[in-house]
Amino acid sequence: ARRGNPPGGRLGSSRGRSTGRKMSDGETPAALLAKLQARNRSEVDAFRAVFEAHAVAQRQARTLQERVTALQRQCAELGEGKENAEASLKTASEAAARGAAAQDQSARITELQAELAASYKQHAESSQQVIVAKDRLAKAEEELKLARETLAAVERERDEAIARGDDLDAALETSRAAAQHAAAEAESRLAGRDDALAKAEKLEAENAMLVERLMAIKVQEAEKMNEINDLYEDLKRQKKENELRAMASDLSAASAASMASLAGAETGAFVGQYFPARKRVAIRANAGGTHRVALTPGGDVLATAGDDKVISLWDADTGLATGPARLTGATGALLDADFSSGPDSREGGGSMMLLGAGTDRAVRLWDATSGRVRHTMTGHADKVCAARFNPWESTRAVSCAHDRTVKAWDLNKGFCVASIMCASNCNAVTYGDGASVVVSGHFDGACRVWDLRQKPGQAADPIEVKAHAQHVTSVATMPSNRSQFVTSSRDNTLKLIDLRGGAGEVVQTFRASAYRSGSQWANPCVSPDGRHVVAGGADGGVFVWSARDGGLRATLRAHDAAVATCAWGQRGLATADKNGVAVLWGA
């Protein structure tokens, strides 16, 4: 209670009483405040040390209390340690009692450890034996695997040997068949040689007879000329000079007209002044596209071959189907068609024959009157691109294919009589200036001229004319001179080649700024009088050039697709496009 009421309190009350007295004595408040503060300091300073000592004593008391608490805790811990020591001592006593028994057990343990060591040793030896056994087993398995592999290799070799034996048997059979075929071909060639010799003898006899007749005609002409000379002399003496000049002029004009008509009759020149200018008839010829058109020698029937695997026959005047209308039997698209040069004389008939070739690797001979297939000739290993009749002998034909071969056929028997291996795929073939001369056009841009009379192996050295930068699509001989032929190519040019020099010379090139070749097998054609060359373009145009100077004469328009083929016969021009539309052109 005394600590709760410090002297300051009393000082405050005394200060109040004193202040009251001072104020009553008339002192100022500031002076009174200063005195009170001085008094307060003197009274408080006297008790400050006491209060500080009291605080120190309290702190020491708290410290001692904490130490007493720690000592009590240590005493408790020591008591627990004592109890534990007593328990340990008791346990040690018990252990000492069990010491004797432990000695006996340690001896037993020693024995057991020895036995365990022996077991470990035996186990190690067994493990080593197991490892050795596993190694032996692995080696045995490897030897077994090698033995199985060796057995499998031996079985494979046995199977291969059996297969080789089968192949050799098949090759032997093939060789035998080839030998038989070669023998048949040899017999056929011998027969052909005998026929050729007989024909040569016949031709020699005919030639001798013609020479005799020619000599007789010349004698007659000489006699007539002598008579004319005598008559002329008589007239010269009887008439005046002007009448003689007029007569000479008339005779000269008559002689020129006679020579012109004679030349036209000998060369089969195109009669009339026909020039294609307008679409006369349009025909929906083939489904899917038309690859080739062909006209009969008289020009009255049009044949169209295309993707629909048929050759359709049309009347060239009306555009209507004619004859059997459709020649069937092909199993692939037809790429070429060609009429024989005259009626067939075999079997006593007078039928027109038609030759077709296509992607089914076969050449077929149809009777164009009845529609019957006479022969299906196989032997090419790839699609057949072209086939042509022999113009002098309709029982012979030639074909070419993408298997790099040119084959000659006997149409009486339907057999191949000659086969030529080429250096490049063959796209086109035709006969040249003789029955044994064949001209072919190839993928490498070259044209090759073959002589079928050469022995096998010698025909492999043809006359080669490298005329184009890209592959040749077609070849066509000139009707007025079969020593010349026209080629077309994917390099967008046509060229006229003359073989009379021996090596083959390009004498004319046909081109136009708008002309682009429109098909892999696009074929040009030549007018019957040999004055014009025609080809179809990729834009649907039909381009007509002059054969004399190579100038473009006309561009005909009637097709909506690339024009793939054209043919010019005695009654006019026919063209066809990739949509299967054929057009007959009028003058």
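Residues numbered from 1 in each chain as written. Predicted model: local features only at pLDDT ≥ 70, side-chain atom pairs only at ≥ 80, totals over all residues. Heavy atoms only, no water.

Structural notes on the overall build of the protein chain
Alright, step 1. Helix and strand counts for the protein chain come out as three helices and 28 strands.
Alright, step 2. Split into buried and exposed, the 587 residues of the protein chain put 36% on the buried side.
Alright, step 3. Contacts spanning at least 24 positions in sequence make up 46% of the contacts within the protein chain whose residues lie at least 6 apart.
Alright, step 4. Accessible surface, the protein chain: about 34,500 Å² in total, of which carbon and sulfur atoms supply 54%. (Helix = DSSP H or I, 4+ residues; strand = E, 2+ residues; numbered from the N terminus. Buried < 20%, exposed > 50% of the residue type's maximum accessible area, 1.4 Å probe, protein only. Contact = heavy atoms within 4.5 Å. Areas by Shrake-Rupley, 256 points an atom, 1.4 Å probe, with all protein chains shown as cover.)

As for the state of the cysteines
Alright, step 1. Scanning the model with the defined rule gives zero disulfides in all.
Alright, step 2. The cysteine C422 is free of any disulfide, with C426 supplying the nearest cysteine sulfur at 5.3 Å.
Alright, step 3. Residue C422 is classed as buried on the basis of its relative accessible area, which comes to 6%.
Alright, step 4. Take C525: it sits in no disulfide, and the sulfur closest to it among the cysteines is that of C566, at 3.4 Å. (Disulfide = S-S within 2.5 Å.)

Here's the deal with a negative patch on the surface
Alright, step 1. There is a patch of like negative charges on the surface, built from E77, E80, E83 and E86.
Alright, step 2. Within the secondary structure, E77 is located in helix α2 (residues 29-238). (Patch = residues over 30% accessible without salt bridge, like charges linked within 9 Å, V, L, I, M, F, W, Y side chains within 5 Å. Salt bridge = Lys/Arg side-chain N within 4 Å of Asp/Glu carboxyl O. Lys, Arg positive; Asp, Glu negative; His and termini not counted. Charge placed at Lys NZ, Arg CZ, Asp CG, Glu CD.)

Some remarks on the sheet that holds strand β3 (residues 301-306)
Alright, step 1. Taking strand neighbours across the sheet as the criterion, the four strands line up as β2-β3-β4-β5 in an open arrangement whose pairing is antiparallel. Both outer strands of the open sheet, β2 (290-295) and β5 (321-327), are each paired with one neighbouring strand and no more. Ignoring strand direction, the axes of neighbouring strands in this sheet form an average angle of 15°.
Alright, step 2. With five bridges connecting them, β2 and β3 associate as antiparallel partners. Bridging from a neighbouring strand, L295 pairs with L302 of β3. (Pairing = 2+ DSSP bridges. Axes fitted to C-alpha atoms, helices over the stretch in contact; angles between N-to-C directions.)

Details of the packing of aromatic side chains
Alright, step 1. Throughout the structure, instances matching the rule amount to five aromatic pairs.
Alright, step 2. For the pair Y274 and W568, a centre-to-centre distance of 5.9 Å together with 80° between the ring planes defines the contact as edge-to-face. Here W568 lies in strand β26 (residues 563-569) and Y274 lies in the loop between α3 (241-267) and β1 (278-284), a separation of 294 residues in the sequence.
Alright, step 3. Centre to centre, the rings of F510 and W545 are 6.2 Å apart; their planes meet at 55°, and the pair counts as tilted. You can see F510 sitting in strand β21 (residues 505-510) and its partner W545 sitting in strand β24 (residues 541-546), a full 35 residues away along the chain. An identical accessibility class is assigned to F510 and W545; each is buried. (Phe/Tyr/Trp six-rings, centres within 6.5 Å; stacked < 30°, edge-to-face > 60°.)

So, the pairing of strand β28 (residues 581-586)
Alright, step 1. Burial of β28 is extensive: five of the six residues sit out of reach of the surface.
Alright, step 2. In the sheet, strand β27 (residues 572-577) pairs with β28 via three bridges, with the strands oriented antiparallel. For A574, the partnering residue across the bridge sits in β28 and is L584.

A closer look at the confidence of the model for the protein chain
Alright, step 1. Averaged over all residues, the pLDDT of the protein chain equals 82, while 84% of them reach at least 70.
Alright, step 2. In this model, residues 1-24 is a region of pLDDT below 50 whose contacts with residues beyond four sequence positions or in other chains number 22 contacts.
Alright, step 3. Contacts from residues 250-272, a stretch scored under 50 in pLDDT, to residues over four places away or in other chains number seven contacts. (pLDDT = per-residue confidence, 0-100.)

What to know about the side chain of S517
Alright, step 1. Mapped onto the elements, S517 comes out in the loop between β21 and β22 (525-526).
Alright, step 2. A relative accessible area of 9% places S517 in the buried class.

Describing the nonpolar core
Alright, step 1. Counting residues in each nonpolar core, the largest one holds 15 residues, and the members touching the most others are I311, L313, F339 and L354.
Alright, step 2. Mapped onto this core, the elements with two or more residues apiece are β3, β4 (311-315) and β6 (334-339).
Alright, step 3. When residues no more than four places from it in sequence are discounted, the contact partners of L354 are A303, I311, L313, L327, A337, D338, F339, R364, L365, W366, A368 and F389. (Core = buried A, V, L, I, M, F, W, Y, C linked by side-chain atoms within 4.5 Å.)

Things to note about unusual backbone geometry
Alright, step 1. In this structure, A325 takes a positive phi of about 70° despite not being glycine.
Alright, step 2. For A325, the location among the structural elements is in strand β5.
Alright, step 3. Its identity as a non-glycine residue notwithstanding, N492 has a phi of 70°, on the positive side.
Alright, step 4. One can find N492 in the loop between β19 (484-489) and β20 (494-498).

Examining the pattern of salt bridges
Alright, step 1. This model, assessed by the stated rule, comprises 18 salt bridges.
Alright, step 2. One salt bridge in this structure joins R448 and D444, with 2.7 Å as the shortest N-O distance.
Alright, step 3. Between R453 and D451 there is a salt bridge whose closest N-O contact spans 3.1 Å.

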